[in-house]
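Here is what each chain is made of, one letter per residue.
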Amino acid sequence: MLLATGVAVLVPLLRGAEPEAPEVLGRLTIPEGWRAPQVYAAIDRELKLPAGSAQVAAAATELALPAEAKGNPEGFLFPATYPVTSKTTAGSLLASMVGTANRHLAARAVADGGKAHGMTPYQTATLASIIEAEADSRADMGKVARVVHNRLAKAMPLQMDSTLNYALDRRTLNTTLSDTRIDSPFNTYRRQGLPPAPIDNPGADALAAAVAPTPGDWLFFVTVKPGDTRFSVTYEEHKKHVAEFNRIRAAATSGAAQARAGSRPDGAD
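Residues numbered from 1 in each chain as written. Predicted model: local features only at pLDDT ≥ 70, side-chain atom pairs only at ≥ 80, totals over all residues. Heavy atoms only, no water.

Participant: What's the story with the pattern of salt bridges in this structure? I'm lost.
Facilitator: Note that side chains of opposite charge can pair when their charged atoms are close. One pass over the full model with this rule turns up seven salt bridges. The partner of R138 in a salt bridge is D205, with the nearest N and O atoms 2.8 Å apart. Highlighted residues: R138 in the loop between α6 (121-134) and α7 (141-153) and D205 in helix α9 (residues 204-211), separated in sequence by 67 residues. What makes D205 partly exposed here is its relative accessible area of 36%. For the salt bridge of R191 with D183, the shortest nitrogen-to-oxygen distance reads 3.5 Å. Given the relative accessible area of 40%, R191 is considered partly exposed. Each of the salt bridges in this network shares a partner with another, and the network as a whole consists of D228, R230 and E244. (Salt bridge = Lys/Arg side-chain N within 4 Å of Asp/Glu carboxyl O. Helix = DSSP H or I, 4+ residues; strand = E, 2+ residues; numbered from the N terminus. Buried < 20%, exposed > 50% of the residue type's maximum accessible area, 1.4 Å probe, protein only.)

Participant: Explain the side chain of T180 to me, please; I cannot follow it from the model alone.
Facilitator: Tracing the chain through its elements places T180 in the loop between α8 (161-167) and α9. In this structure the side chain of T180 is engaged in a polar contact, spanning 2.6 Å, whose partner is the backbone oxygen of L177. Setting aside chain neighbours within four positions, we find T180 in contact with L164, T175, N187, Y189 and R190. (Polar contact = N/O pair within 3.5 Å; in protein donor to acceptor, adjacent residues only side chain to side chain. Contact = heavy atoms within 4.5 Å.)

Participant: What am I meant to see in helix α5 (residues 108-116) here?
Facilitator: For an α-helix, 3.6 residues make a turn, and residues three or four places apart therefore share a direction. Among the residues of α5, V110, G113 and G114 are the ones counted as buried. Seen end-on, α5 carries its buried residues on one side only, within an arc spanning 100°. Looking at α5, the residues exposed on the side facing more than 90 degrees away from the buried face are R108, K115 and A116. Of the surrounding elements, those touching the buried residues of α5 are α4 (90-106), α6 and α9. Trailing α5 by a residue or two, G118 shows a phi angle of about 70°, which is positive. (Arc of directions from axis to C-beta.)

Participant: What's the story with the nonpolar core in this structure? I'm lost.
Facilitator: Side chains that are nonpolar tend, in soluble globular proteins, to be buried together. Grouped together as the largest cluster of nonpolar side chains are 53 residues, with contacts concentrated most on L28, I43, F76, L77, L94, M97 and I131. Of all the secondary structure elements, the ones that give two or more residues to this core are α2 (36-47), α3 (53-60), β2 (81-85), α4, α6, α7 and α9. The element contributing the most residues to this core is α4, with seven residues. Those residues within four positions of L28 in sequence are excluded, and the remaining contacts are A42, I43, E46, A80, T81, Y82, V84, L93 and M97. (Core = buried A, V, L, I, M, F, W, Y, C linked by side-chain atoms within 4.5 Å.)

Participant: Help me understand the packing of α2 against α3, please; the structure alone is not making it clear to me.
Facilitator: Axis angle and axis distance: for two packed helices, these are the angle between their axes and the distance between the axes, and together they describe the pair. Running from N to C, α2 and α3 point in directions that differ by 115°, and their axes come no closer than 7 Å. Comparing their axes, α3 and α2 come out roughly perpendicular. In contact with Y40, I43 and D44 of α2, α3 contributes S53, A54, Q55 and A58. Considered class by class, the residues forming the contact of α2 with α3 number four nonpolar, two polar and one charged. (Axes fitted to C-alpha atoms, helices over the stretch in contact; angles between N-to-C directions. Parallel < 35°, antiparallel > 145°, perpendicular 65-115°, else oblique. Nonpolar A, V, L, I, M, F, W, Y, C, P; charged D, E, K, R; others polar.)

Participant: Quick question: what am I supposed to make of the environment of L105 here?
Facilitator: Here L105 shows up in helix α4. Overall, the relative accessible area of 8% leaves L105 in the buried class. Once residues within four sequence positions are removed from consideration, L105 is found in contact with F76, V110, A111, P121, T124, A125 and L207.

Participant: So what exactly am I meant to see when it comes to the packing of aromatic side chains here?
Facilitator: For any pair of aromatic rings, the description rests on two quantities: the centre-to-centre distance and the angle between the ring planes. Taken as a whole, this structure holds five aromatic pairs when the rule is applied. Among the aromatic side chains, those forming a connected cluster through ring pairs are W218, F221 and F231. (Phe/Tyr/Trp six-rings, centres within 6.5 Å; stacked < 30°, edge-to-face > 60°.)

The analysis is restricted to geometry; functional conclusions fall outside its scope.
What follows is the structure, given as structure tokens:
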């Protein structure tokens, strides 16, 4: 009984001695699909650090990245909202993002699904990053994932514009023939298989789609206009959808040019 009484008195004393958790001063939200430089810039702004500080911290901090990443955290800066306190550093934020990504990749559904497709967690993150960049909506993610899996199964090049954009450090809907000829490991027009690393930081929905794609035989897709992505089994069908995409783009470009001309003070054409 004396021992029990001693414990009852001791526990409150120990709890009272615990340091208070630092006050949350703000929150940093990282959207799905951001690339690492965008995440670094957001961290610098939130913590009021000189530009480039977070990127330096990424190289200096021991992040729990897989060996395949070779120290590059792209794909593992998980999109979420993170608390910022007086003790938060760029390194601690980056570590929290990587830890969150690892937890999602280790979840049973994602881990088991990746193994079923013969993918390592790093490859799962890489595929999810393509889905994040290519899908026009959350509802399309499973179908985009299926196209990628079907192409991989047939040893077809993925031919994803998103990977070219990553190699060229840009974001655009316009891909030229010369773009598809660039010498880069991220050129999925010339190289078969997944690119060597993620091209952005995917969220939970893209990870889920990567390991559980929608059933289907599609090999092609194109987003004709926002909210209207067409998936095709044959190239002939795909060409018709691409032609419609080009018509809509041309009409939009012409309309924009006319609007600009009409806004001139002299009304010149």
